[in-house]
Amino acid sequence: MHPLADGLRARAAWERTHLDEGTRTFSEFINGAIMREVRRLEAEYHHGKPFTGGDRLPGGRKAGD
């Protein structure tokens, strides 16, 4: 799927469910989804322990490249 379409789909899911699910903001919704995936990866690849580090992200292309 296209990234813009994915974003619109995610926002639509939050808009239609946030009252029932109790997520006050779209950011809270996104953070919850990310953290569920982080916990899954920690369980699968790190014996359920939190990963550490992450403060240095790999560099990407510079704007205009």
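Residues numbered from 1 in each chain as written. Predicted model: local features only at pLDDT ≥ 70, side-chain atom pairs only at ≥ 80, totals over all residues. Heavy atoms only, no water.

Student: Explain the overall build of the chain to me, please; I cannot follow it from the model alone.
Tutor: When you go through the chain residue by residue, the secondary structure sums to two helices and zero strands. For the chain, the C-alpha radius of gyration of 16 Å lies well beyond 11 Å, the compact-globule estimate for 65 residues. Summarising its shape, the C-alpha atoms of the chain cover approximately 40 × 35 × 20 Å along the three principal directions. The burial tally for the chain puts 6% of its 65 residues in the buried class. When the accessible surface of the chain is split by element, carbon and sulfur atoms take 56% of a total near 6000 Å². Positive and negative side-chain charges in the chain, numbering 11 and 10 respectively, have mean positions lying 3 Å apart. (Helix = DSSP H or I, 4+ residues; strand = E, 2+ residues; numbered from the N terminus. Rg over C-alpha atoms; globule rule 2.2 N^0.38 Å. Buried < 20%, exposed > 50% of the residue type's maximum accessible area, 1.4 Å probe, protein only. Areas by Shrake-Rupley, 256 points an atom, 1.4 Å probe, with all protein chains shown as cover. Lys, Arg positive; Asp, Glu negative; His and termini not counted. Charge placed at Lys NZ, Arg CZ, Asp CG, Glu CD.)

Student: Help me understand the packing of aromatic side chains, please; the structure alone is not making it clear to me.
Tutor: In this structure the tally under the stated criterion is two aromatic pairs. With a centroid separation of 6.0 Å and an interplanar angle of 65°, the aromatic rings of Trp14 and Phe26 are classed as edge-to-face. Separated by 12 residues along the polypeptide, Trp14 in helix H1 (residues 3-21) and Phe26 in helix H2 (residues 26-45) bring together distant segments of the chain. Judged by its relative accessible area of 12%, Trp14 is buried. Accessibility expressed as a relative area gives 18% for Phe26, which makes it buried. Residues Phe26 and Phe29 carry aromatic rings whose centres are separated by 6.0 Å and whose planes lie at 25° to one another, so their mutual orientation is stacked. Of this pair, Phe26 and Phe29 both sit in helix H2, three residues apart, roughly one helical turn. A connected cluster of aromatic rings, assembled from ring pairs, spans Trp14, Phe26 and Phe29. Over the ring of Phe26 we find Arg11, and its NZ or CZ is 4.1 Å from the ring centre. (Phe/Tyr/Trp six-rings, centres within 6.5 Å; stacked < 30°, edge-to-face > 60°. Lys NZ or Arg CZ within 6 Å of the ring centre and 35° of its normal.)

Student: Which parts of the structure should I look at to understand the side chain of Glu42?
Tutor: For Glu42, the position within the fold is in helix H2. Beyond its immediate chain neighbours, meaning those up to four positions away, Glu42 contacts His47, Gly48, Lys49, Pro50 and Phe51. (Contact = heavy atoms within 4.5 Å.)

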